[in-house]
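# Observations on the model geometry
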Amino acid sequence: DAGITQSPRHKVTETGTPVTLRCHQTENHRYMYWYRQDPGHGLRLIHYSYGVKDTDKGEVSDGYSVSRSKTEDFLLTLESATSSQTSVYFCAIREGVTEAFFGQGTRLTVV
Amino acid sequence: QQQVKQSPQSLIVQKGGISIINCAYENTAFDYFPWYQQFPGKGPALLIAIRPDVSEKKEGRFTISFNKSAKQFSLHIMDSQPGDSATYFCAAGGAGNNRKLIWGLGTSLAVNP
């Protein structure tokens, strides 16, 4: 797992509430990513970070924000959860030139 | 807009056979083509990757073949084993440090014993 921990692993939340997912790494990797995985859509990049306080949008960033105040932690926040954000969320780190290791995933259900 | 098309969607192979998964891309600016393997309940894991300056790369039983003119690349799994049963994703990325990957939709491989 290359020292990647996602929390929580499962969460059920109500529509309209804010939700924060955490990705923690122990190996000082510069690049970190948040993806969502949905049937029929594969993996889609939400946001990524290339350093502390350096982040950029992916292809499905609307409704999501991220923060990286420390190298080891990359937080994904759903500002006001909607049912369309029900998904499995994966954090990844880059080793070399691409995403090499992914976390175990967070299964989020918005009811 | 899907820029990486992966086929087949699912594949059943007998133990010892060859599994072949194909991907096609549109954007000629892509210059990095990784494959990932994902087991149920787990995150994807980088399996093997290729750049367009080579036509083939082999790592153990896994081989990527790359056809730049056709804008296609494929994963071959030789001597397929039941433990290879997983979902495989191809992806393509552009140049530069802040490269973003575009992913195929995945192929579910089942290797029968």
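Residues numbered from 1 in each chain as written. Chains lettered and ligands numbered in written order. Predicted model: local features only at pLDDT ≥ 70, side-chain atom pairs only at ≥ 80, totals over all residues. Heavy atoms only, no water.

### A few points about the overall build of chain A
Scanning chain A for helices and strands turns up 0 helices and 11 strands. A compact globule built from 111 residues should have a C-alpha radius of gyration of about 13 Å, and chain A, at 13 Å, falls within 12% of that. Expressed as a percentage of its 111 residues, the buried residues of chain A come to 50%. Long-range pairs, those at least 24 residues apart, make up 52% of the contacts in chain A with a sequence separation of at least 6. Carbon together with sulfur atoms contributes 48% to the accessible area of chain A, which is approximately 4,900 Å² in total. The positive charge centre, built from 12 side chains, and the negative charge centre, built from 13, are 2 Å apart in chain A. (Helix = DSSP H or I, 4+ residues; strand = E, 2+ residues; numbered from the N terminus. Rg over C-alpha atoms; globule rule 2.2 N^0.38 Å. Buried < 20%, exposed > 50% of the residue type's maximum accessible area, 1.4 Å probe, protein only. Contact = heavy atoms within 4.5 Å. Areas by Shrake-Rupley, 256 points an atom, 1.4 Å probe, with all protein chains shown as cover. Lys, Arg positive; Asp, Glu negative; His and termini not counted. Charge placed at Lys NZ, Arg CZ, Asp CG, Glu CD.)

### Observations regarding the pattern of salt bridges
All names here are of chain A. Enumeration according to the criterion identifies 7 salt bridges over all chains in this entry. Notably, a salt bridge pairs Arg36 with Asp38, separated by 2.8 Å at the nearest N-O pair. Notably, a salt bridge pairs Asp73 with Lys70, separated by 3.3 Å at the nearest N-O pair. Residue classification places Asp73 among the buried positions, given a relative accessible area of 8%. Overlapping salt bridges bring together Arg22, Lys70 and Asp73 as one network. (Salt bridge = Lys/Arg side-chain N within 4 Å of Asp/Glu carboxyl O.)

### Thoughts on the pairing of strand β8 (residues 73-78) of chain A
All names here are of chain A. Where strand β3 (residues 19-25) meets β8, 6 bridges bridge the pair, whose relative direction is antiparallel. When the bridges of β8 are listed, Leu21 appears paired with Leu76. Between the end of strand β7 (residues 64-70) and the start of β8, which pair antiparallel, lie 2 residues. (Pairing = 2+ DSSP bridges.)

### Describing the sheet that holds strand β6 (residues 56-59) of chain B
Residues and elements named next belong to chain B. The 5 strands lie next to each other as β1-β3-β8-β7-β6, forming an open sheet whose pairing is antiparallel. What marks the edges here is a single partner per strand, and that holds for β1 (4-7) and β6. Looking at each pair of strands side by side, their axes are set apart by 15 degrees on average, direction ignored. One ladder, built from 6 bridges, connects strand β3 (residues 19-25) with strand β8 (residues 72-77); its direction is antiparallel. Pairing of Ala24 across the sheet is with Gln72, part of β8. (Axes fitted to C-alpha atoms, helices over the stretch in contact; angles between N-to-C directions.)

### Things to note about the pairing of strand β9 (residues 86-93) of chain B
When a strand is regular, its side chains alternate between the sheet's two faces. Residue and element names in this part refer to chain B. A large share of β9 lies buried, amounting to 7 of its 8 residues. Where β9 lies against strand β11 (residues 107-112), 3 bridges are found, and the strand directions are antiparallel. Within the sheet, the bridge partner assigned to Thr87 lies in β11 and is Ser108. In this structure, β9 lies alongside strand β10 (residues 101-103), joined through 3 bridges in antiparallel fashion. What sits directly across from Gly93, in β10, is Leu101.

### What about the packing of aromatic side chains?
Here the structure, examined in full by the defined rule, presents 20 aromatic pairs over all chains. Measuring from ring centre to ring centre gives 6.0 Å for Phe102 of chain A and Trp103 of chain B, while their planes differ by 85 degrees; the resulting arrangement is edge-to-face. Note that Phe102 of chain A is positioned in strand β10 (residues 98-102) and Trp103 of chain B in strand β10, a pairing that runs across two chains. Sitting over the face of the ring of Tyr31 of chain A, Arg94 of chain A holds its NZ or CZ atom 3.8 Å from the ring centroid. (Phe/Tyr/Trp six-rings, centres within 6.5 Å; stacked < 30°, edge-to-face > 60°. Lys NZ or Arg CZ within 6 Å of the ring centre and 35° of its normal.)

### Comments concerning the state of the cysteines
Residues and elements named next belong to chain B. Scanning all chains against the criterion turns up 2 disulfides over all chains. Cys23 shares a disulfide with Cys90; S-S distance 1.9 Å. Because the sign of the S-S torsion sets the handedness, a value of about -95 degrees for the bond joining Cys23 and Cys90 places this disulfide among the left-handed ones. You can see Cys23 sitting in strand β3 and its partner Cys90 sitting in strand β9, a full 67 residues away along the chain. Assessed through its relative accessible area of 3%, Cys23 is described here as buried. (Disulfide = S-S within 2.5 Å.)

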